[in-house]
Amino acid sequence: MTITGAARIAGVIGWPVKHSRSPQLHGYWLTKYRIDGAYVPFAVAPEDLGAVISALRPLGMAGLNVTVPHKEAVLSLVDEADSLARRIGAVNTIVVRADGSLHGSNTDSFGFIEHLRASVPGWNAGAPAVVLGAGGAARAVVVALIDAGVPELRIVNRSRSRAERLAAELGGPIRVADWGDWKTPLGDAGLLVNTTTLGMEGERPLEIDLAMLPPSAAVNDIVYVPLETQLLAAARRRGNAIVDGLGMLLHQARPGFRSWFGVDPEVTPELRAHVAADLLR
């Protein structure tokens, strides 16, 4: 990787930001494609967010990725947000356009569906899908599945009122089920997706009974630390196809990299191994 005075500069903002694997991911691509550019993490406190976004243009930056807790707040700080970002209610990618305006998008839906299709080529979008959780990640996943043509989305969340609010805001073929009532939503599902932090390293375990889930269903956990969560291990033992969370991270990065650096990057086994190795450190 070469960096000159003409280098294109992008990065990621969050608070904190040290957990982000985006620098390793984009750094790999910058080196692979021999691009004159850099990708830098910035720890930005919420009270400084507006000033940082306003500085992108005068600093000559190509853009930013946005991670927690800033995704929702950035939506009102960009000059324009695409329709998908507005539906999801959050921005995770900012591009500084040639005229200096800031364009916001959300690539989480793209990353989720691209990884699901790559991991389970025979995945059947014609069967109902069950989504655990009703937070920001769930919104991106639900939008992706609606757009993919899934006939019914069943949202299961510990707070039923929050799940009902999400269903009302997004519209579409969404039904809310009670947490712990696994028989009803799982019985004929073609896909189960965990969008909660349950099962993540350092968090409480996800306690779910998979007995009613058809063996043909795929099980996707967007958590990627650990790579194989207890949910995925249990699904694998039953014979279900499993999809971990790392690929979603890799694929969601592609549109931003293309916009900032002019190359449409590939998600390869070598890239996955590079980022996965960093997770184990």
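Residues numbered from 1 in each chain as written. Predicted model: local features only at pLDDT ≥ 70, side-chain atom pairs only at ≥ 80, totals over all residues. Heavy atoms only, no water.

J.: Could you give an account of the overall build of the protein chain, with specific residues and numbers?
T.: Across its full length, the protein chain holds 12 helices and 12 strands. Here the protein chain holds 281 residues, and the buried ones make up 52% of them. Once local pairs closer than 6 in sequence are excluded, the contacts in the protein chain between residues at least 24 apart make up 67%. Here the protein chain displays about 12400 Å² of accessible surface, and carbon together with sulfur accounts for 52% of that area. When the 27 positive and 28 negative side-chain charges of the protein chain are each reduced to one mean point, those points stand 2 Å apart. (Helix = DSSP H or I, 4+ residues; strand = E, 2+ residues; numbered from the N terminus. Buried < 20%, exposed > 50% of the residue type's maximum accessible area, 1.4 Å probe, protein only. Contact = heavy atoms within 4.5 Å. Areas by Shrake-Rupley, 256 points an atom, 1.4 Å probe, with all protein chains shown as cover. Lys, Arg positive; Asp, Glu negative; His and termini not counted. Charge placed at Lys NZ, Arg CZ, Asp CG, Glu CD.)

J.: I'd like a rundown of the packing of helix α6 (residues 136-148) against helix α7 (residues 160-170), residues and numbers included.
T.: Orientation of α6 relative to α7, taken along the N-to-C sense of each, is 45°, at an axis distance of 11 Å. Between α6 and α7, the angle falls in the class oblique. Note that α6 runs across α7; the crossing there is right-handed. Here A138, R139, V142 and V143 of α6 come into contact with α7, specifically with L166, E169 and L170. Class assignment of the residues belonging to the contact of α6 with α7 gives a composition of 5 nonpolar, no polar and 2 charged. (Axes fitted to C-alpha atoms, helices over the stretch in contact; angles between N-to-C directions. Parallel < 35°, antiparallel > 145°, perpendicular 65-115°, else oblique. Left-handed = near helix turned anticlockwise from the far one by under 90°. Nonpolar A, V, L, I, M, F, W, Y, C, P; charged D, E, K, R; others polar.)

J.: I'd like a rundown of the pairing of strand β3 (residues 63-66), residues and numbers included.
T.: With burial as the criterion, each face of β3 is covered, one bearing G63 and N65 and the other bearing L64 and V66. Alignment of β3 against strand β5 (residues 93-96), held across 3 bridges, turns out to be antiparallel. In the strand pairing of β5, N65 is matched with T93. (Pairing = 2+ DSSP bridges.)

J.: Please give an account of the sheet that holds strand β4 (residues 80-81) that cites residues and values.
T.: The sheet built from 6 strands is open, its strands ordered β2-β1-β3-β5-β6-β4 with mixed pairing. The open sheet has two edge strands with one neighbour each: β2 (37-43) and β4. Where strand β1 (residues 8-14) meets β2, 7 bridges bridge the pair, whose relative direction is parallel. Within β2, the residue paired with A10 across the bridge is Y39.

J.: Before we move on, can you summarise unusual backbone geometry with the specific residues and values?
T.: For the bond from V68 to P69, the omega torsion is 5°, close enough to zero to count as cis. Locating P69 in the fold gives a position in the loop between β3 and α3 (71-74). That bond from V225 to P226 is cis: its omega, 5°, falls within 30 degrees of zero. Position of P226 among the secondary structure elements: in the loop between β11 (218-221) and α9 (230-238). Phi at R34 takes a positive value of approximately 50°, unusual for a residue other than glycine. Given a relative accessible area of 77%, R34 falls into the exposed group.

J.: Please give an account of the nonpolar core that cites residues and values.
T.: With 33 residues, the main nonpolar core has F112, L116, W123, V142, L145, L153 and L191 as its most contacted residues. Residue assignment for this core shows that the elements contributing at least two residues are α5 (108-119), β7 (129-132), α6, β8 (153-157), α7, β9 (174-178) and β10 (191-194). The element contributing the most residues to this core is α6, with 7 residues. One finds V17, L25, Y39 and A62 within the second-largest nonpolar core, a separate group that totals 21 residues. (Core = buried A, V, L, I, M, F, W, Y, C linked by side-chain atoms within 4.5 Å.)

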